[in-house]
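Take a look at the letters that make up each chain.
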Amino acid sequence: MNDDKIGLIAGVTKDLIGKVKAGDLVKMVAEQVGGKGGGRPDMAQAGGTDVAALPAAIQTVQPWLEERYNYLKHILRSINVL
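Residues numbered from 1 in each chain as written. Predicted model: local features only at pLDDT ≥ 70, side-chain atom pairs only at ≥ 80, totals over all residues. Heavy atoms only, no water.

Draft legend 1. Quick peek at the environment of Asp3. Mapped onto the fold, Asp3 is located in the segment before strand 1 (6-11). Taking relative accessible area as the criterion, Asp3 reaches 67% and is therefore assigned exposed. Along the backbone, Asp3 and Val51 are 48 residues apart, and their C-alpha atoms lie at a distance of 9.8 Å. (Helix = DSSP H or I, 4+ residues; strand = E, 2+ residues; numbered from the N terminus. Buried < 20%, exposed > 50% of the residue type's maximum accessible area, 1.4 Å probe, protein only.)

This is the structure we're talking about:
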């Protein structure tokens, strides 16, 4: 944070890009703090202005990641990959 502005960055390792994209993650958080952003599947940046909303937005990251992981696992099982 700097002067009531929030800077966000997300990175995803190459082995996990198929499960989650950095741009999707950073966009999800940025929308909650009055901002927007995006980037590559492995690295993305965003900004926002609602500093008070940042703690709650950060708390949504883990459930968001778990939801994507569980969805992917379900899809792979349905096509007999797992």
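Resuming the write-up.
Draft legend 2. Structural context of the pattern of salt bridges. Going through the model one piece at a time under the given rule, you end up with 2 salt bridges. The shortest N-O distance in the salt bridge between Asp42 and Arg40 comes to 3.0 Å. Residue classification places Asp42 among the partly exposed residues on the basis of a relative accessible area of 26%. A salt bridge links Arg68 to Glu67; the shortest N-O distance between them is 3.3 Å. The partly exposed category is assigned to Arg68, whose relative accessible area is 28%. (Salt bridge = Lys/Arg side-chain N within 4 Å of Asp/Glu carboxyl O.)

Draft legend 3. How the structure looks around the confidence of the model for the protein chain. For the protein chain, the mean per-residue pLDDT works out to 90, and 95% of the residues sit at or above 70. Ranking the elements of the protein chain by mean pLDDT puts helix 3 (residues 61-78) last with 85 and strand 3 (residues 43-48) first with 97. (pLDDT = per-residue confidence, 0-100.)

Draft legend 4. Region of the structure containing the pairing of strand 1. The two faces of strand 1 differ: Ile6, Leu8 and Ala10 on one face are buried, but Gly7, Ile9 and Gly11 on the other face are not. Two elements, strand 1 and strand 3, share 6 bridges in a ladder whose sense is antiparallel. In the strand pairing of strand 3, Ile9 is matched with Gln45. (Pairing = 2+ DSSP bridges.)

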